[in-house]
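What follows is each chain in one-letter form.
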Amino acid sequence: MQPTNFADPNYFHKVVDCQWACPAHTPVPEYIRLIGQGRYSDAYMINWVSNVFPGVLGRTCDRPCEPACRRGRVEENNGDKPEPVAICRLKRVAADNKGNVKARMPVLAPRNGKRVACVGAGPSSLTVARDLSPLGYEVTVFDGEAKAGGFIRTQIPHFRLPESVIDEETGYVLDLGVQFNSSQRVESMKQLLKQGYDAVFVGCGAPRGRELDLPGRKEAAAHIHIGIDWLASVSFGHVTDVGKRVIVLGGGNTAMDCCRSARRLGGSDVKVVVRSGFEEMKASPWEKEDAQHEGIPIINFHVPKSFRQEGGQLLGMTFEVVRAVYDDKGRRSLVPTGEPEVFFACDTVLVAVGQENAFPWIERDCGIEFDRWGLPVLDKNTFQSTASKVFFGGDAAFGPKNIIAAVAHGHEAAVSIDRFLHGEALSRRPPPATNLMSQKMGIHEWSYHNEVSGDTRFKVPWAKAEEALASIRVEVELGFDAATAFKEASRCLNCDVQTVFNRDTCIECDACVDICPMDCITFTVNGEEADLRLRLKAPSLNTNQDLYVSAEMKTGHIMVKDEDVCLHCGLCAERCPTGAWDMQKFLLKTTQAGPGCRDSHPLSSRRLQTEAA
């Protein structure tokens with residue numbers, strides 16, 4: 001194997017599993033350390049730069065960082081499944097306990113004469129506005145609702161996300177000189193383009209819920225509702241009650257929000273019915289757990305067949321019982337079991353079987369091409385459409401996903417728009433800035449707390465069930481208090497503090513090998529990667545994580561370290577008699593819109609030259 005190339009910013013970035021997995025690449029260990037130190041405002045601002053909505057995401061994020069967390073694969077938990085650090089809930093701690101951060105928001109540059117329109121006031125559009133407005137762009141955000149937030153405001157129930165949090169964090173963006181045209185729905189892309197905007201960003205989401213066309217649907221229409229539309233009506237107070245017996249169709253997060261909302265609006269017999277198996281449901285595991293915790297059963301492998309009604313009055317639904325069958329390529333099909341159809345009585349049905357994009361306001365002759373699924377044809381790296389000045393992001397780009405992905409799209413689209421309006425090639429994407437800094441304060445002392453905590457994951461307290469289920473506006477999760485947040489933050493393994501090896505000072509005494517608690521350091525002869533992984537002190541089986549390989553030493557050996565299971569405890573560096581090992585904090589700063597993303601900027605030019613080399 002070739003020696004590890006530290007000049008590649010992705011090498012150490014991949015070692016910080018949580019940050020690598022986050023679409024917005026939030027520096028997770030950095031802000032968790034600050035929370036542990038009680039520096040909540042600093043932790044909040046680090047989040048704000050990356051993900052824009054720390055208070056919102058601290059309650060609602062899909063948490064791609066947590067399954068990636070190293071703690072979840074190295075922790076011994078008495079036979080139970082090891083659990084990652086509660087990254088998402090710690091984010092909320094920073095948001096709930098911060099001070100006044102308005103003075104820390106970006107200083108606005110003078111207007112540069114360029115105008116940008118953002119269609120929709122959801123997370124992707126607001127991210128574009130947040131990135132471009134401080135640079136001097138005149139950004140106008142259009143939305144059909146009175147307040148900003150998009151689906152954050154209309155689709156997420158208030159018992160999960162209080163409206164005050166949305167108001168605060170959308171307000172930070174709108175206060176950056178953004179023109180918000182509320183209650184003004186864009187009806188024509190052609191008309192919008194005629195208004196002289198230099199660039200247009202479309203972040204209007206996936207606003208249409210999928211229909212379920214079954215016998216009885218039209219006749220009982222008054223009692224059957226599309227999930228996302230019903231949630232919006234609940235959010236705005238247009239719907240304040242529901243039938244006693246409610247069936248929710250679908251297995252995604254929208255279905256979980258529907259069933260829990262129905263429970264709070266008076267539904268005493270609420271059940272979720274899904275076609276798939278429980279494990280195959282698209283809803284996040286914790287969303288399913290929360291629904292079940294509130295006494296809502298999830299009935300799987302039932303395919304809806306008809307709505308039973310009499311004179312327009314809904315009586316219930318019939319379902320076919322199926323089972324999953326897999327072919328030799330692992331493809332699943334649902335096969336009827338032959339059991340009699342099942343009937344569930346109900347008064348209301350909420351259909352949450354998916355969402356799809358709808359762009360009736362974009363004329364098909366305005367230069368924007370769409371694929372056979374009705375999605376815009378985009379460059380997946382730049383988010384530029386076939387109409388050069390029009391960009392897409394969030395659910396409007398590639399279909400429904402989640403908030404943090406929408407934010408990541410917004411950052412990338414803002415870079416594209418900034419480069420586009422400076423006449424630079426959009427295909428050139430300056431890599432992130434990186435830095436390594438030694439954490440050494442003495443021979444055996446580090447500037448970070450490196451003791452590995454033995455605590456298991458702490459539970460987030462909930463409001464009392466009788467209070468939480470009595471109102472749609474009582475927040476269920478109460479968040480960590482300061483003491484628990486400190487203990488949970490201490491579970492973080494500081495994966496961004498890297499073990500950096502200097503082969504020139506190594507004497508191959510094997511002290512680091514002896515003391516490593518995970519047996520992840522080996523001195524051996526070189527070889528092909530597949531062979532080398534099996535010859536390490538502890539075989540390295542996770543090929544998704546790179547091996548740390550040194551250049552050849554005087555003995556002809558190389559040092560190989562398995563990055564996959566390293567605890568970043570620093571014992572190798574403490575034990576080394578020659579200082580060949582050091583603990584160095586890795587800082588990655590993603591490239592955002594502004595001078596640093598342009599070819600003309602010295603730092604950007606150096607990054608591009610390094611990337612080319």
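Rules used in this analysis
Residues numbered from 1 in each chain as written. Predicted model: local features only at pLDDT ≥ 70, side-chain atom pairs only at ≥ 80, totals over all residues. Heavy atoms only, no water. Helix = DSSP H or I, 4+ residues; strand = E, 2+ residues; numbered from the N terminus. Rg over C-alpha atoms; globule rule 2.2 N^0.38 Å. Buried < 20%, exposed > 50% of the residue type's maximum accessible area, 1.4 Å probe, protein only. 1 Å grid on protein atoms, 1.4 Å probe; cavity = no way out; pocket = protein on both sides within 12 Å on 5 of 7 lines; lining within 4 Å. Points joined across faces, edges and corners; volume = space filled by probe spheres on them. Nonpolar A, V, L, I, M, F, W, Y, C, P; charged D, E, K, R; others polar. Phe/Tyr/Trp six-rings, centres within 6.5 Å; stacked < 30°, edge-to-face > 60°.

(A) Seen up close, the overall build of the protein. Along the backbone of the protein there are 23 helices and 24 strands. Relative to the compact-globule value of 25 Å for 613 residues, the protein shows a C-alpha radius of gyration of 27 Å, a close match. Across its three principal directions, the C-alpha atoms of the protein cover 90 × 60 × 50 Å. The buried share of the protein, reckoned over its 613 residues, is 55%.

(B) Structural view of the layout of surface pockets. What the second largest pocket holds in volume is close to 940 Å³. Residue lining of the second largest pocket: 31 residues in total, with R63, E83, W286, E289 and R457 positioned closest to the centre. Looking at the lining of the second largest pocket, the elements that each hand over two or more residues are α5 (54-60), α6 (65-68), α8 (87-97) and α15 (285-293). Top contributing element to the lining of the second largest pocket by residue count: α15, with five residues. A class-by-class count of the residues in the lining of the second largest pocket yields 13 nonpolar, two polar and 16 charged.

(C) View of unusual backbone geometry. Of note in this structure, H25 is not a glycine but carries a positive phi near 55°. Relative to the helices and strands, H25 resides in the loop between α2 (17-21) and α3 (28-36). The residue R63 is not glycine, and still its phi comes out positive at about 55°. The residue R63 is located in the loop between α5 and α6 in this model.

(D) Inspection of the packing of aromatic side chains at higher detail. One pass over the structure, following the stated rule, counts 16 aromatic pairs. Aromatic side chains F6 and F12 sit 5.2 Å apart centroid to centroid with 15° between the ring planes, which places their arrangement in the stacked category. Its relative accessible area of 33% is what places F6 among the partly exposed residues. Centroid distance Y11 to F12: 5.1 Å. Interplanar angle 65°. Geometry classified as edge-to-face. F12 matches Y11 in its accessibility class, with the two residues each being buried. An aromatic cluster is present here, built from F6, Y11, F12, F501, F523, Y548, W581 and F586 joined pairwise through their rings.

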